[in-house]
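The residues making up each chain are set out below.
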Amino acid sequence: MIKAILIFNNHGKPRLIRFYQYFAEDMQQQIIRETFHLVSKRDDNVCNFLEGGSLIGGSDYKLIYRHYATLYFVFCVDSSESELGILDLIQVFVETLDKCFENVCELDLIFHMDKVHYILQEVVMGGMVLETNMNEIVAQVEMQNRMEKSEGGLSAAPARAVSAVKNMNLPEIPRNINIGDINIKVPSLSPF
Amino acid sequence: MALKIVKGSIDRMFDKNLQDLVRGIRNHKEDEAKYISTCIDEIKQELKQDNIAVKANAVCKLTYLQMLGYDVSWAAFNIVEVMSSSKFTFKRIGYLAASQCFHEGTDVIMLTTNQIRKDLSSPNQYDTGVALTGLSCFVTPDLARDLANDIMTLMSHTKPYIRKKAVLIMYKVFLKYPESLRPAFPRLKEKLEDPDPGVQSAAVNVICELARRNPKNYLSLAPLFFKLMTSSTNNWVLIKIIKLFGALTPLEPRLGKKLIEPLTNLIHSTSAMSLLYECVNTVIAVLISLSSGMPNHSASIQLCVQKLRILIEDSDQNLKYLGLLAMSKILKTHPKSVQSHKDLILQCLDDKDESIRLRALDLLYGMVSKKNLMEIVKKLMLHVDKAEGTTYRDELLTKIIDICSQSNYQYITNFEWYISILVELTRLEGTRHGHLIASQMLDVAIRVKAIRGFAVAQMATLLDNAHLLTGNTQRNGICEVLYAAAWICGEFSEHLEDPKQTLEAMLRPKVATLPGHIQAVYVQNAAKLFATVLRSQESTPDTTAAQETSQLMIDRLPLFVQSANLEVQERASCILQLVKYIQKLQQKEVEVAEEVTALFAGELNPVAPKAQKKVPIPDGLDLDAWINEPPSESESEDEKPKAVFAKEEPKHTRSRHSEVDEKELARRREARKQEQANNPFYIKASPSSQKVYQDTPGVEHIPVVQIDLSVPLKVPGMPLSDQYLKMEEDRRQKEKDEKKKKEKKRKREKRARGRHVDSGPESEEDITPAHHVDIVTEEMPENALPSDEDEKDPNDPHKALDIDLDKPLTDSEKLPTRTHRSADVLKSPGGDGDGVSITGEPKKKTRKEKKEKKKAKDKERMRSAEDKKTKKKHKHDPEEEEANIHEVVTLVKADETQSTEPLPPSVSAGASDLDFWLTSDAAPSGIQEAVAATNTEMPTDADLGEVKDMEPEEMKSKHKKKKLKKEKEEMEKKKKKKRHHHHRSDRGEAESVQNGTMEEDDEEPLPPMSNYCLLAENAYVKMVYDIQGNLQDGSQVVVSIIFQNMSSSFLKSMEFNVLDSLNSKLQRPEGATPHDGLTVPFQLPPGVSNEARFVFSVQSIVMPQKLKGTLTFIVKSDDSSTHEKLDFKLHFTCTSYLITTPCYSDAYAKLLESGELKSSSLKLEGVTMPFHHLLARICFHHHFSVVERIDSCASMYSRSIQGHHVCLLVKTAAETVSIDAKCDELMLLENVLEEIKQTFSQS
């Protein structure tokens, strides 16, 4: 089981949190802080597994994370998950984000937290891995987005126009999480 | 009203949406909190509006704020409102918010039950999907109970997308509502063989989670999983299954034997590291579970260790880490095979990665022997010095202590060395583990008598230099060691060289800064030291020294009397008064030393930590019985003497103060005694326990060899332990020489070592401890119970899921379905009690079953089957008929699943089958399959039904797709439909083709036609195919293949593969190599056919082509299963690249006039069929449409997927048909004509 999925940036700012077990909000923040402290002090060339998050889980739980450019993707899992499998899942998730947002960058996650959630929902459900095939995930997400669009119809047009205007002056921040850049050497789980 | 809506939507434009909120927060970095609080106020306003869109927007923003740590539970009701919106967009927002912030304590959850039920049964699959996803995060016991049945129905949904979600969520439902597990389990098991890989993977996932916690209930599924393991190619599924087997093998060693071979094969064959790693892990689990007696046992271990070594040596840190992790599992049972890789592991200790160092540390635990302990610890001590982070250093510290103290200090040959290591460790600043070191010091000093002299000397030094330890801060954990030091110095003060000096050290004013509990020990032990000092001083003639000592005590103790800590205060004032009294006696020249020492006389024995728990209740002692006669009822109420022993104790506290009667005192005394017994530092009065102690080899009689070392330097801060290392080497050398001479003496030593004789695997006979240490065994009460079980956590939710799943379902276990209140009421009087008694019963049954032999089991099975029948009859009780029709349907459905379940003997007799499966080592494949086959019997039946159900569904969807694709022309549509009818016409539905343009009634009906032509066939399967161009993509064609099962066996795992040519390629999922086959997404029960489609990409379409391919599949009959294959040749005709496209005559004329087309012609002789048949054939087989027809002349048109125009002019005269054709690609045209010619020559 996956107990929690956390995405935060290099400064520990949460970009997405998803707990599959109830924690009160302040506890959640504490967990994020703790996890950030554990993860952030590690070099990029050390292993991606980490034990010893004291607030979440306990001895049976592990933190499995990946660091892409400005973002950390951390999964807290118990011993029933395969470590390498989860690493691969993170990769699938990020690649899916990349596909859905077209060159995903931190800004996409900042401004579209809800969409990231919807994508995540097609990958992991209630702490269990739902789908690992990226094409399938993307297809389902797109179908749902299409539904949303068709529902929006004319009535949503003015709002969309306004938000397009608002979006024009987004602060400029280097884009691209650049998954291609960091060559991740994970044994491939070829045929899912 | 309408105006209001318009106004609302205009207002909405200026509301902040999520992006605005985020942007706002980013622009208000300095006063973020203030900005957010104004935003929350806005949100509250928005939530008050009627417009659901506004509300949804507000809820969306709240979800974001929740992530930032703001409690948004106050909006729970609004979230429910948004969830219940009919629009998917808003519903999704609502469910997302709910999944982020609802939990079991959220009270509005109970309002959602009906909404969720509605969404679950929504015709839109994404509504259902969103509801399932949300529910998986906030399901409560109530929701689980109310919705279990709805979700169970969804497990058989037609859409795999819903099926997989429904299967996954069942796990959450089971956790919250364990009663649903048994009724839902058969269906869950069915899903293990779902045609959709996603659903299958979900089912495996759920069962693995369940089985991990209660593996024994899932043993009977082992054959099924075994089959999946050997047939599945999905690595996710494989990993889960292999992990599951790892949990199952400890329960059934025979399973392990069966697994070794396929797992070893996988280890050799797989390229996926994750799979390899899990295989190794499970092999290890198997080997652990197997006692020796396995022929190639050591070979497997070697294989594992060897593979792990490869992982550890890999440059990828992740693999290194996992390798070490798995290695530590082998270590527990096969330490020797790991020990040979000591070099590698020590090397990992120097790794820059902390996680890896920690894992290597774990391994070290098993690497030590008497020979290398000192060496290894020395290395660790170096790391301790180097380590910067406190966590890693603390970890090192505990590991050092673990390694040294493991199995009762088995590997320590020189305790002086150990004590000095402990003393060195005290120099670590800021460690959390001071108490650990302290308890080791105490333990060693108490249990190793020979070391006390040395230990006391070291402790005295520690006390002398206490300022070094406490120097920095109060919270410095290391000061805990002073607790031990003070106690050891006090308790064993007779070993002190200069007790007076130590006493002074203990009474320094600085001590008052130590934590209270340590001060208390200081004070108490100062008194002990005082006694020792007095005795030594009184033996000398000079009495002033003794008086000075008393004065010292009297001077210093008042500091402690003023302590804020009660314990310190009490002890200090007690002792102060005592010393004052002593001083008075001394002044009268009375000898007091004897009496003062008597205060602290007696030896302390170590007591095992669990000793108290293990004391059995003696026969005849009833702890609940009254000791005295219970007081009569007439006594006044407020005394309530009953309560003294009863549970109402808390209530009684008020009166307790006032009346401490005899009984109360006795009780307290008892409690205190128990407390003391638990405390290893209390002397126990019980003579019996001392007897046990005396049974151990008499401590006093062990010859204690003189320690012939010079006393080590007592300079604090100097590493002492290193000296021992050298000394030890010298000593061993010396001993080796001596050994030869003193063979006799050695024997005696050996006996004296007592516990060491049965030491670890390494033979270390030749290393004798430096001093003869008796490790005093911890005391245990006599006839202590041997049980060593640790109780499981009673709060573990998985405990409730420990349910026997092989037993047939009882009626009472049916999941609650929606019923009208009236029916409910009617049922309850009888049903309620019934349900309770039945659910209670099964547990007993299972226990019985285990004891009884198979015969009895069979009988019981019969009986339960009979039960079922009678119960079925009950089903049609009049009360049931009151329920509405819908319920009846669901009830009957549930009944069906239940009644079919126990019928196949394999299911209810799962356990015996398992035995059969496991014991059949001789012919594993055959029998295993047999069992597997019987096991799948039931799912097969269900599958049959499902396939039938799905077929029309599929047809429908096909139609839909086509409709979307094609133009709206009526004629076109009709034709399409017809084609579908036609491939069915194989099965005898004769139907006439009516081409849109010629509906003349007088013409003869057309013979049945089918575009599906035979691809290949053998005894098992027949494949017919049709190729259609894809209008949307000019480079794609779709090959539809109907697979028909011709045999009486079950066909499964069909894989379709084609050798790609340069021009045409099978489209495979991303990541697949050109040699991978495609799995046919269904299985075929006997006699059933189904259609699958494969997409090919083509480059050039002007030439026909043939592609070779193979279909591989598994044929499974009742007693065997075989791999079969069927080769075929796919023929891509040029016609198949043509798409029926209508064309109007004027456009057609223009096209012909344009002059860009090249022409060709064809003559067919001896064609006897009517002209309209001829045209229909060309239309049907070659995808043309008729543009115009005049008597015996017709113009026809078609278009290729790449946009080539093909025009035909067909004329007939007296059995001769001439076709003039034009096309912009001559090659294509000629090939098409050739194909047309063939069509007519065949007929």
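What you see is a predicted model, and the numbers here were worked out from it, not measured in a lab. (Residues numbered from 1 in each chain as written. Chains lettered and ligands numbered in written order. Predicted model: local features only at pLDDT ≥ 70, side-chain atom pairs only at ≥ 80, totals over all residues. Heavy atoms only, no water.)

Trainee: What exactly am I supposed to notice about the interface of chain A and chain B here?
Mentor: The parts lose accessible area when they come together, and the size of an interface is often stated as this lost area. Contacts between the two partners involve 77 residues from chain A, matched on the other side by 75 residues from chain B. For the pair chain A and chain B, the summed buried surface comes to about 7,000 Å²; carbon and sulfur atoms form 54% of the total. On the chain A side of the contact with chain B, Glu25(A), Met125(A) and Met128(A) bury the most area, a combined 10% of that side's loss. Linking chain A with chain B are 8 salt bridges. One salt bridge in this structure joins Arg213(B) and Asp78(A), with 3.9 Å as the shortest N-O distance. Across the chain A-chain B interface, the total number found is 32 residue pairs in polar contact (both at pLDDT 80 or more). (Contact = heavy atoms within 4.5 Å. Buried area = accessible area lost by both parts, 1.4 Å probe. Salt bridge = Lys/Arg side-chain N within 4 Å of Asp/Glu carboxyl O. Polar contact = N/O pair within 3.5 Å; in protein donor to acceptor, adjacent residues only side chain to side chain.)

Trainee: I'm lost on the pairing of strand β2 (residues 1021-1029) of chain B in this one. Help?
Mentor: A regular strand places its side chains so that they alternate between the two faces of the sheet. Residues and elements named next belong to chain B. For β2, a buried count of 8 out of 9 residues is recorded, marking the element as mostly surrounded by other parts of the structure. What sits between the antiparallel neighbours strand β1 (residues 1013-1017) and β2 is a turn of 3 residues. Inspection of the sheet shows β2 paired to strand β3 (residues 1036-1045) by 9 bridges, in the antiparallel sense. Each bridged residue has a counterpart across the sheet, and for Val-1021 the counterpart in β3 is Asn-1045. (Buried < 20%, exposed > 50% of the residue type's maximum accessible area, 1.4 Å probe, protein only. Helix = DSSP H or I, 4+ residues; strand = E, 2+ residues; numbered from the N terminus. Pairing = 2+ DSSP bridges.)

Trainee: What should I look at first to understand the sheet that holds strand β4 (residues 62-68) of chain A in this one?
Mentor: Sheets are built from strands paired through backbone hydrogen bonds, the pairs being either parallel or antiparallel. Overall, antiparallel pairing links the 5 strands, which are arranged β2-β1-β5-β4-β3 (chain A) in an open sheet. Each of the sheet's edge strands pairs with one partner strand only, and the pair in question is β2 (14-19) and β3 (49-50) of chain A.

Trainee: When you look at unusual backbone geometry in this model, what are you seeing that I'm missing?
Mentor: Negative phi is the rule for most residues except glycine; trans is the rule for most peptide bonds. All names here are of chain B. The residue Glu-589 is not glycine, and still its phi comes out positive at about 60 degrees. Here Glu-589 shows up in the loop between α32 (566-587) and α33 (593-599). For Ser-1053, which is not glycine, the phi torsion reads 50 degrees and is therefore positive. Within the secondary structure layout, Ser-1053 lies in strand β4 (residues 1050-1058). Look at Ser-1053 and you get partly exposed, because its relative accessible area is 30%.

Trainee: Please explain the confidence of the model for chain B as it appears in this structure.
Mentor: The predicted coordinates should not be examined in detail at positions where pLDDT is low. Residue and element names in this part refer to chain B. Summary statistics for chain B give a mean pLDDT of 73 and a share of 68% for residues scoring 70 or more. Averaged over each element, pLDDT in chain B is lowest for helix α37 (residues 687-695) (40) and highest for helix α10 (residues 160-176) (93). In the model, residues 749-766 has pLDDT below 50 throughout and makes 30 contacts with residues more than four positions away in sequence or in other chains. For residues 787-792, every residue scores under 50 in pLDDT, and the model assigns this stretch 4 contacts once sequence neighbours within four places are set aside. Scoring of the predicted complex yields 0.56 for pTM and 0.89 for ipTM. (pLDDT = per-residue confidence, 0-100.)

Trainee: It is not clear to me how the pattern of salt bridges should be interpreted in this structure. Could you clarify?
Mentor: Pairs can form between side chains of opposite charge whenever their charged atoms are close. Enumeration according to the criterion identifies 39 salt bridges over all chains in this entry. Residue Glu209(B) is joined to Arg212(B) by a salt bridge in which the shortest nitrogen-to-oxygen separation is 3.9 Å. Placement of both Glu209(B) and Arg212(B) in helix α12 (residues 197-213) is noted, with a separation of 3 residues, approximately one turn of the helix. Its relative accessible area of 23% is what places Arg212(B) among the partly exposed residues. A salt bridge links Lys399(B) to Glu395(B), with the nearest nitrogen and oxygen atoms 3.6 Å apart. Taken as a pair, Lys399(B) and Glu395(B) lie in helix α23 (residues 390-409) at a separation of 4 residues, close to a single helical turn. Overall, the relative accessible area of 9% leaves Lys399(B) in the buried class. With relative accessibility at 30%, the residue Glu395(B) sits in the partly exposed group. Salt bridges sharing common partners tie together Asp78(A), Glu209(B), Arg212(B) and Arg213(B).

Trainee: I would appreciate a short explanation of the pairing of strand β15 (residues 1216-1223) of chain B in the present structure.
Mentor: Looking at chain direction, strand β11 (residues 1158-1165) of chain B and β15(B) are connected through 8 bridges and run antiparallel. What sits directly across from Leu1164(B), in β15(B), is Val1217(B).

Trainee: Before we go on, may I ask you to explain the side chain of Glu209(B) in this structure?
Mentor: Relative accessible area serves as the criterion here: at 1%, Glu209(B) is assigned to the buried category. From its side chain, Glu209(B) meets the backbone nitrogen of Met1(A) in a polar contact 2.9 Å long. With residues up to four places along the chain from it excluded, the contact list for Glu209(B) reads Met1(A), Ser80(A), Glu81(A), Met128(A), Tyr171(B) and Lys240(B).

Trainee: Explain the packing of aromatic side chains here, please?
Mentor: Aromatic ring pairs are defined here through the distance separating the ring centres and the angle between the ring planes. This model, assessed by the stated rule, comprises 21 aromatic pairs over all chains. Ring geometry for Phe1056(B) and Phe1128(B): centres 5.3 Å apart, planes at 15 degrees, overall stacked. Pair noted here: Phe1056(B) is in strand β4 and Phe1128(B) is in strand β9 (residues 1121-1132), with a separation of 72 residues, a long-range link. Positioned above the aromatic ring of Tyr61(A) is the side chain of Lys3(A), whose terminal nitrogen or guanidinium carbon lies 4.0 Å from the ring centre. (Phe/Tyr/Trp six-rings, centres within 6.5 Å; stacked < 30°, edge-to-face > 60°. Lys NZ or Arg CZ within 6 Å of the ring centre and 35° of its normal.)

Trainee: Before we go on, may I ask you to explain the environment of Ile803(B) in this structure?
Mentor: Residue and element names in this part refer to chain B. Here Ile-803 is to be found in the loop between α39 (743-753) and α40 (821-851). Judged by relative accessible area, which is 17%, Ile-803 ranks as buried. Taking the C-alpha atoms as reference points, Ile-803 and Tyr-218, separated by 585 residues in sequence, lie 9.7 Å from one another. Setting aside chain neighbours within four positions, we find Ile-803 in contact with Pro-178, Leu-181, Arg-182 and Asn-217.

Trainee: What is the right way to read the sheet that holds β9(B) from this model?
Mentor: Residue and element names in this part refer to chain B. With antiparallel pairing, the 4 strands of this open sheet are ordered in space as β6-β4-β8-β9. The open sheet is flanked by β6 (1078-1079) and β9, the only strands paired with a single partner. Note: strand β8 (residues 1105-1116) against β9, 12 bridges, orientation antiparallel. By the bridge assignment for β9, Thr-1112 is matched with Lys-1125.

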